[in-house]
Amino acid sequence: MPHADLGEFRMYYEGAGEGEALVFLHGFSLDCRMWRPQVEFFRDAYHVITPDARGHGLSDAPLSGYSRADRVQDLVRLLDYLKIESLHLVGLSMGGATAIGFALAHEDRLKSLTLVSTGAAGYSAGKKFSGLDQVAREKGVEAALGRWKAWALGWYKDDQSNLRSLLDTMISAYSGAVWRDPMRGQYPREDDLSRASQIKVPAAIFAGALDKMWVPLARQLHERVAGSRLTVYPDTGHMLNLEQPAQFNADLKVFLEGL
């Protein structure tokens, strides 16, 4: 299995195809498996790379280093390890927040930026997320992970059993490392949202209309990132690349080919 030795830890990644680099960053508690419909679709035209963030999937889980700044630096080191100078970058949720941070610090390496159901440093998603920290402190990491899983899987009913099963598998494999980090709550606060207007690369923003917590952020980013494209899918939730894979793949293809 391919691992990149990044010094502090080994990062797992998968690669397929040849051509321009197209990197997909997964969401919190998930891993590279969430992008498989996209890997299969884009591998004939791009060098598709799907890493597992530190503490996720098959990557190592060091004790600390789980800030947004750390995730950006991990990506830089992975790209350097793979000798990739420029790339198209796609990120969902936590991966989107990482992608925004990367764009602000390393825009010269970006050919395009795609944000899917994205988070962003400086945007508050509400107490439901921050409350998990308290659960982890008072009842333990497994309790926090159990509550997170119940909430995340609750969106998906019997008619989406395959998607629910995949999410269950990925979340169950998550190390819970972010809640074990002794620096949790002590990292310098970033505010990427207030700086989003500095992003000048071609950008596409995708959101699901049912994803009420994150649609407002998608609209704010669209207003701030000049020339960005915003697509909001009706009757679609947070995991829109898995809920609407054919439409998402087609829309992303149009965006990339139109650059």
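### Focus: the side chain of Asn249
Step number 1: Tracing the chain through its elements places Asn249 in helix α10 (residues 245-257).
Step number 2: With residues near it in sequence (within four places) discarded, Asn249 still touches Pro37, Gln38, Phe41 and Phe42.

### Topic: the pattern of salt bridges
A pair can form between side chains of opposite charge whenever their charged atoms are brought close.
Step number 1: The full count for this structure, using the stated rule, is 17 salt bridges.
Step number 2: In this structure, Asp192 and Arg195 form a salt bridge, with 3.3 Å as the shortest nitrogen-oxygen distance.
Step number 3: Residue Arg195 is classed as partly exposed on the basis of its relative accessible area of 31%.
Step number 4: Between Glu257 and Lys253 there is a salt bridge, with the nearest N and O atoms lying 3.0 Å from each other. With Glu257 and Lys253 both in helix α10 and four residues apart, the pair spans about one turn of that helix.
Step number 5: A relative accessible area of 34% means that Lys253 is categorised as partly exposed.
Step number 6: A cluster of three or more residues bridged by salt bridges with shared partners is formed by Glu8, Arg54, Asp74 and Arg77.

### A short note on the pairing of strand β7 (residues 203-208)
Step number 1: Among the six residues of β7, six are classified as buried, and the element is accordingly described as predominantly covered.
Step number 2: Residues Ala203, Ile205 and Ala207 point to one face of β7 and Ala204, Phe206 and Gly208 to the other, with burial holding for every one of them.
Step number 3: Pairing analysis gives four bridges linking strand β6 (residues 110-116) to β7, with the strands arranged parallel. By the bridge assignment, Val116 is partnered in β7 with Phe206.
Step number 4: Two elements, β7 and strand β8 (residues 229-233), share five bridges in a ladder whose sense is parallel. Residue pairing across strands places Ile205 opposite Leu230, the latter belonging to β8.

### Here's the deal with the confidence of the model for the protein chain
Step number 1: Within the protein chain, residue pLDDT values average 96, and 99% of them lie at 70 or more.
Step number 2: Of all the helices and strands in the protein chain, helix α4 (residues 127-139) carries the lowest mean pLDDT, 86, while strand β3 (residues 21-25) carries the highest, 99.

### Describing the sheet that holds β3
Through backbone hydrogen bonds, the strands of a sheet pair up, either in parallel or in antiparallel fashion.
Step number 1: Taken together, the eight strands give an open sheet; going across it, the order is β1-β2-β4-β3-β5-β6-β7-β8, and neighbouring strands pair in mixed fashion. Two strands bound the open sheet, and with one partner strand each, they are β1 (3-5) and β8. Ignoring which end each strand starts from, the neighbouring axes of this sheet average 20° apart.

### Brief notes about the side chain of Arg109
Step number 1: For Arg109, the position within the fold is in the loop between α3 (94-106) and β6.
Step number 2: Classification of Arg109 by relative accessible area gives buried; the value is 10%.
Step number 3: There is a polar contact of 3.1 Å between the side chain of Arg109 and the side chain of Asp80.
Step number 4: Apart from the residues lying within four places of it in its own chain, the contact partners of Arg109 are Val76, Leu79, Asp80, Ile84, Glu85, Ser86, Leu87 and Phe102.

### With respect to the environment of Phe255
Step number 1: Its location among the elements puts Phe255 in helix α10.
Step number 2: For the pair Phe255 and Ala203, spaced 52 residues apart in sequence, the C-alpha separation works out to 8.7 Å.
Step number 3: Contacts of Phe255, omitting those with residues within four sequence positions, involve Ser112, Leu113, Thr114, Pro202, Ala203, Ala204 and Arg229.

### Section: the packing of aromatic side chains
For any pair of aromatic rings, geometry is given as the distance between the ring centres together with the angle between the planes.
Step number 1: Throughout the structure, instances matching the rule amount to twelve aromatic pairs.
Step number 2: When the centroid spacing of 5.3 Å and the interplanar angle of 65° are considered together, the rings of Phe28 and Trp148 count as edge-to-face. One end of the pair, Phe28, is in the loop between β3 and α1 (36-42); the other, Trp148, is in helix α5 (residues 141-153), and 120 residues separate them in sequence. For the residue pair Phe28 and Trp148, the accessibility class agrees, reading buried in each case.
Step number 3: Look at Phe28 and Trp179: their rings are 5.6 Å apart centre to centre, the planes differ by 85°, and that puts the pair in the edge-to-face class. Of this pair, Phe28 sits in the loop between β3 and α1 while Trp179 sits in helix α7 (residues 177-180), and the two are 151 residues apart along the sequence.
Step number 4: When the ring centre of Tyr66 is taken as origin, the NZ or CZ atom of Arg54, which lies over that ring, is 5.9 Å away.

What counts and what doesn't
- Residues numbered from 1 in each chain as written.
- Predicted model: local features only at pLDDT ≥ 70, side-chain atom pairs only at ≥ 80, totals over all residues.
- Heavy atoms only, no water.
- Helix = DSSP H or I, 4+ residues; strand = E, 2+ residues; numbered from the N terminus.
- Contact = heavy atoms within 4.5 Å.
- Salt bridge = Lys/Arg side-chain N within 4 Å of Asp/Glu carboxyl O.
- Buried < 20%, exposed > 50% of the residue type's maximum accessible area, 1.4 Å probe, protein only.
- Pairing = 2+ DSSP bridges.
- pLDDT = per-residue confidence, 0-100.
- Axes fitted to C-alpha atoms, helices over the stretch in contact; angles between N-to-C directions.
- Polar contact = N/O pair within 3.5 Å; in protein donor to acceptor, adjacent residues only side chain to side chain.
- Phe/Tyr/Trp six-rings, centres within 6.5 Å; stacked < 30°, edge-to-face > 60°.
- Lys NZ or Arg CZ within 6 Å of the ring centre and 35° of its normal.

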